[in-house]
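# An overview of the molecular structure
Listed below are the residues making up each chain.
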Amino acid sequence: MSEGCPTVGRVLPETLDSALSDEAVLVTYRRMFAALARDSGAVVDDPALVDIAETLFAAFAEAGEEWLTHEQMRHACRAHPVEQFENRLRVLRGLGAIREVFPKPNQLRYRASFTSVVGLMFIRRMMDDGGQSEMHRLLALEDLTVAGPRTTMEQARRSADMLARAFRLWALELVTLTTGTIEELREQAPKLWGTEEIARRAQSLHTTILTRWPDLDRVCTDLRSAIYAYSDASRRAAGRLADSAGTTRNLTLLPAETWRTFAQTATRERLAAVLDGFVFDAAAPWHDPGAIVRAVDEAPRPVPVRPAPPRSALPDEGASSSLAANAPGRFTETAESLLGDRDAVALEEVLRGDWSTIRRVLADLASADLHPEAPYRLAWSDTLSADPSGHPSWLSHGRLERTDGFHG
Amino acid sequence: MGSMGEAHAEARSSGLVALSGPVPPGFVRVGEVGVPVWPDGASPSLLEEYQIAAAPVERAGETRRVLACCLRMCWADLDAEPWPGVWAAVDDVLACYRTMVGRTDDSVRSWAVGALRRLHDTGWIVLSGFGTLRLGPRCVLWTADGHVQLRELMRRIAAPVPSGEVTPVVEARDEGPDEFGDLLGAFDERRRAELVAAFVAVETAAEPVHEARFAALRDPALRRALMEMLARRGRVLQQRRDAWISGYTDAYRVTSLPEAERAVLALVLVHSVAIPRAEGLLGEDTWLSQYPVATEELRRRTLLPIGELEAALRSLRQAGLIAQQKTNEEGAGGYVPGPQFHRLTRAARARLQEELILAAGPQTPLAVAIRAKRRRHEPATPDGET
């Protein structure tokens, strides 16, 4: 248990100390805290140890009247190391939280103690809210009890005494926290500080006792001053947090559920009131000339209708014959017929005839050049000859070459 | 805060202010409307030079293209300045826009009309309500360099023949007296330019600007002058580690948002900051958050009518009070507090926290302590606990 944490390990045993003379109470008390005991004399510091106890109790509830054998208990706790399990079981048995079904030697079946299970539920709640809800229940119950016709003055005195002590201890915790670090206060205070409701209930209980048994005025004065001390400590803790809050850190002091409820149930007026008196900038975007130019340039452009490229006016037999020309046979034939026995031939020699013939031959030679497997190459030089009156009127110089020894 | 600072704070928080009587320093009056001007002819264009992000603009591309079309139809004489220009028919502007984007469908028209509405709301154009529009008072803020760029752009935009008679806009323009002359006069030209640059940067950037880039933020003497300049506009300089940004002075406490927008903004703050904070997710002490609230969540779990909610979200988004976060792999899209929350002073942020606690948990010990503290500090104006 960490310092300043108001859990059972510190608060409750002390408030119950007075009753510990009775052996029966002692047994209950031991069983109640068995789930938290590391060995019979101390309190666990590892939450896994409490988990083992809870797992075991759940397994017992499941097993019903069959109870559990040692192997079954081990199986239920298989997620935990065997050593940790055995140690835990020893403690739980030592404190009577788990007992043999029949107190006989070589007993194989075990049962769990109801008290321990209830105790564990109680402890879980105490860990969650530091005992606020327990205090609510306790005050409500005490209020009923002292109003009951059969309650004696002695019982009322004990009740008032116990409550006064609880409030004192609670206040003490808060005072200690308030003088400590702000982080610890922020973390712990909401579990400890009094809601108006608790103070109101305590006051009402005090009034009931004092009205019915005026003789208890001294005890009641004690109780009253304890309640005041507690309220005062709560206010101090809240005040210190309110003063040194940072700018959002205190939002954590209300539980997420409170925030959700607020968002869901608040009216427009109530929500808007939060931002009363806050001034913000009106929308004033700056449209920079450069940004305007960019925006226009980046506008989704209409796709213009593209005119078809102009067609050649020269006669052309069309695509039907040239499709077949993809076959390597045709350009091989053309190349071979031009090369004959030679390995290379100048293009000036072979590109003769009218334009469409020259075009066809050149296209075949280009195909031969580009075909990866055909053994021909077109090698162009950087020069050309021009003859404005001749035909063709200009011609790039180049050669058709055979690239290996392949010969038709 | 002087009345001059108050006029500037009001102009900043309400958009534009109506001015009568003598024009206050730091304003130009365009017709009846006061527009704050930047010292020494500067403009937020300099953010781009420093590669600093300006406050985000809602549907920026579309809005600016529509503005270019307005300009194309209203800027009649390209040899003169764009303002005041002539009245143009809204239909002509829309026709110009349709040609620009090459689409004629209805959605293009409704987007363009939305952009016109936003431009009108922010003072860049004025819609007459009779199917015509003209350039708005903010257009006087473009500088001569800007005019050159825009003139060049105008020549590239195809425009329809104006459908009606061309009527020139007749409007007076009065410059206010020099605002910072006495302060800036004490510095040489370079320092003066540095001061103006830092002034424009902290006033217009989306986030706190790093001091490494601005001598006037690093140098204590220059910074003092900068703070004085800001103070004259009802502003304070605030430091976030080694970055700086301006905000309203704490003395200027007016409620600037309409009720529905305040309510929706409060909702976003609860969902995006308070709840993650209560669940221990938010580490830093800031009102900015990376935990968006889904629009669906806002729609379903609130008493506010949906229409009102949507309208308020739109306005808040345009003002940079909330920011939309895109859906990521985890599907966590939605709204977070916007860049304006960088500008809240420490006191304002602390007060916001208290107001939220008072509203959501009025009976908690913390709320009681806050009310008690306020009574202690402000005995003259008791609020809370009644």
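Residues numbered from 1 in each chain as written. Chains lettered and ligands numbered in written order. Predicted model: local features only at pLDDT ≥ 70, side-chain atom pairs only at ≥ 80, totals over all residues. Heavy atoms only, no water.

Turning to the overall build of chain B, a few remarks are in order. Check the secondary structure of chain B and you find 15 helices and 12 strands. Within chain B, buried positions represent 51% of all 386 residues. Sequence-distant contacts, at least 24 apart, represent 62% of the contacts inside chain B between residues at least 6 apart. Accessible area for chain B stands at about 17,400 Å²; split by element, carbon and sulfur atoms hold 50% of it. (Helix = DSSP H or I, 4+ residues; strand = E, 2+ residues; numbered from the N terminus. Buried < 20%, exposed > 50% of the residue type's maximum accessible area, 1.4 Å probe, protein only. Contact = heavy atoms within 4.5 Å. Areas by Shrake-Rupley, 256 points an atom, 1.4 Å probe, with all protein chains shown as cover.)

To continue, consider the interface of chain B and chain A. Buried accessible area, meaning the area lost when the parts come together, often serves as the stated size of an interface. Contacts between the two partners involve 93 residues from chain B, matched on the other side by 64 residues from chain A. Remark: the boundary between chain B and chain A carries 7 salt bridges. In this structure, Asp-281 of chain A and Arg-12 of chain B form a salt bridge, with 2.9 Å as the shortest nitrogen-oxygen distance. Applying the counting rule to chain B against chain A returns 24 residue pairs in polar contact (both at pLDDT 80 or more). (Salt bridge = Lys/Arg side-chain N within 4 Å of Asp/Glu carboxyl O. Polar contact = N/O pair within 3.5 Å; in protein donor to acceptor, adjacent residues only side chain to side chain.)

This next bit is on the sheet that holds strand S2 (residues 98–100) of chain A. Residue and element names in this part refer to chain A. Read from one edge to the other, the open sheet built from 3 strands follows the order S1-S3-S2, with strand pairing classed as antiparallel. Of all strands in the sheet, those with a lone pairing partner are strand S1 (68–69) and S2, marking the two edges. As paired elements, S1 and strand S3 (residues 109–112) share 2 bridges and run antiparallel to each other. Paired with Thr-69 across the strands is Arg-109, a residue of S3. (Pairing = 2+ DSSP bridges.)

A few words now on the nonpolar core. For soluble globular proteins, the rule of thumb is that nonpolar side chains tend to be buried together. Core analysis: the biggest nonpolar cluster contains 85 residues, and Phe-167 and Trp-259 of chain A have the highest contact counts within it. Setting aside its immediate chain neighbours within four residues, Trp-259 of chain A contacts Leu-251 and Leu-254 of chain A together with Val-270, Ala-274, Ile-275, Ala-278, Leu-356, Ile-357 and Ala-360 of chain B. Counting residues in hydrophobic clusters, the runner-up holds 43 residues, among them Val-30, Cys-74, Val-93 and Leu-150 of chain B. (Core = buried A, V, L, I, M, F, W, Y, C linked by side-chain atoms within 4.5 Å.)

Predicted coordinates in regions of low pLDDT should not be interpreted in detail. Residues and elements named next belong to chain A. Per-residue pLDDT for chain A has a mean of 77; in total, 76% of the residues score no lower than 70. Within the model, pLDDT remains below 50 along residues 1–22, and this stretch shows 41 contacts once partners closer than five positions in the same chain are excluded. Per-residue pLDDT stays below 50 along residues 321–325; that stretch engages in 4 contacts with residues further than four places along the chain or on separate chains. (pLDDT = per-residue confidence, 0-100.)

Right, let's get into the packing of aromatic side chains. Residue and element names in this part refer to chain B. Applying the stated rule across the entire model yields 8 aromatic pairs over all chains. Between Trp-38 and Phe-199, the ring centres sit 6.3 Å apart and the planes meet at 70 degrees, which makes this aromatic pair edge-to-face. Of this pair, Trp-38 sits in the loop between strand S3 (33–36) and helix H2 (46–49) while Phe-199 is found in helix H8 (residues 189–204), placing the two residues 161 residues apart along the sequence. For the pair Trp-38 and Phe-199, a shared accessibility class is recorded, and that class is buried. Between the aromatic rings of Phe-180 and Phe-199, the centroid separation amounts to 5.4 Å while the plane-to-plane angle is 70 degrees, which identifies the pairing as edge-to-face. On the criterion of sequence distance, the pair formed by Phe-180 in the loop between strand S7 (173–175) and helix H7 (181–184) and Phe-199 in helix H8 is long-range, its members being 19 residues apart. The class for Phe-199 is buried, based on a relative accessible area of 0%. (Phe/Tyr/Trp six-rings, centres within 6.5 Å; stacked < 30°, edge-to-face > 60°.)

To continue, consider the packing of H8 of chain B against helix H10 (residues 220–231) of chain B. When two helices pack together, you describe them by how their axes are tilted relative to each other and by the distance separating the axes. Residue and element names in this part refer to chain B. Their axes nearest at 10 Å, the elements H8 and H10 cross at an angle of 50 degrees. The orientation of H8 relative to H10 falls into the category oblique. Between H8 and H10 lies a crossing of right-handed hand. Between H8 and H10, the contacting residues are Arg-191, Glu-194, Leu-195, Ala-198, Phe-199, Val-202 and Glu-203 on the first element and Leu-222, Ala-225, Leu-226, Met-229 and Leu-230 on the second. (Axes fitted to C-alpha atoms, helices over the stretch in contact; angles between N-to-C directions. Parallel < 35°, antiparallel > 145°, perpendicular 65-115°, else oblique. Left-handed = near helix turned anticlockwise from the far one by under 90°.)

It is at 10 Å that the axes of helix H12 (residues 256–265) of chain A and helix H14 (residues 346–360) of chain B come closest, and there the two elements cross at 80 degrees. Classified by the interaxial angle, the pair formed by H12 of chain A and H14 of chain B is roughly perpendicular. Taking contact as the criterion, the partners of Thr-258, Trp-259 and Phe-262 of chain A in H12 of chain A are, on H14 of chain B, Leu-356, Ile-357, Ala-359 and Ala-360 of chain B.

Now for the layout of surface pockets. Looking at the largest pocket, its volume works out to about 990 Å³. Along its surface, the largest pocket is lined by 49 residues, and Ala-284, Pro-285 and Trp-286 of chain A together with Ala-55 and Thr-204 of chain B are the ones closest to its centre. Every element with two or more residues in the lining of the largest pocket is listed here: helix H14 (289–297) of chain A together with helix H1 (3–14), H2, helix H3 (60–74), helix H5 (106–121) and H8 of chain B. Across the lining of the largest pocket, the residue classes break down as 26 nonpolar, 10 polar and 13 charged. (1 Å grid on protein atoms, 1.4 Å probe; cavity = no way out; pocket = protein on both sides within 12 Å on 5 of 7 lines; lining within 4 Å. Points joined across faces, edges and corners; volume = space filled by probe spheres on them. Nonpolar A, V, L, I, M, F, W, Y, C, P; charged D, E, K, R; others polar.)

Turning next to helix H13 (residues 306–318) of chain B. For H13 of chain B, with 13 residues, the first-to-last C-alpha span of 18 Å sits near the 18 Å given by 1.5 Å per residue. The secondary structure elements touched by the buried residues of H13 of chain B are helix H11 (259–278), helix H12 (295–300), strand S11 (322–325) and strand S12 (334–337) of chain B. (Expected span 1.5 Å × (residues − 1).)

All names here are of chain B. Pairing within the open sheet is antiparallel, and its 3 strands lie in the order S8-S10-S9. Looking along the sheet, the strands with just one partner apiece sit at the ends: strand S8 (209–210) and strand S9 (235–240). Taken strand by strand, H10 contacts S9 and strand S10 (243–248), and its axis lies near 135 degrees from that of S9.

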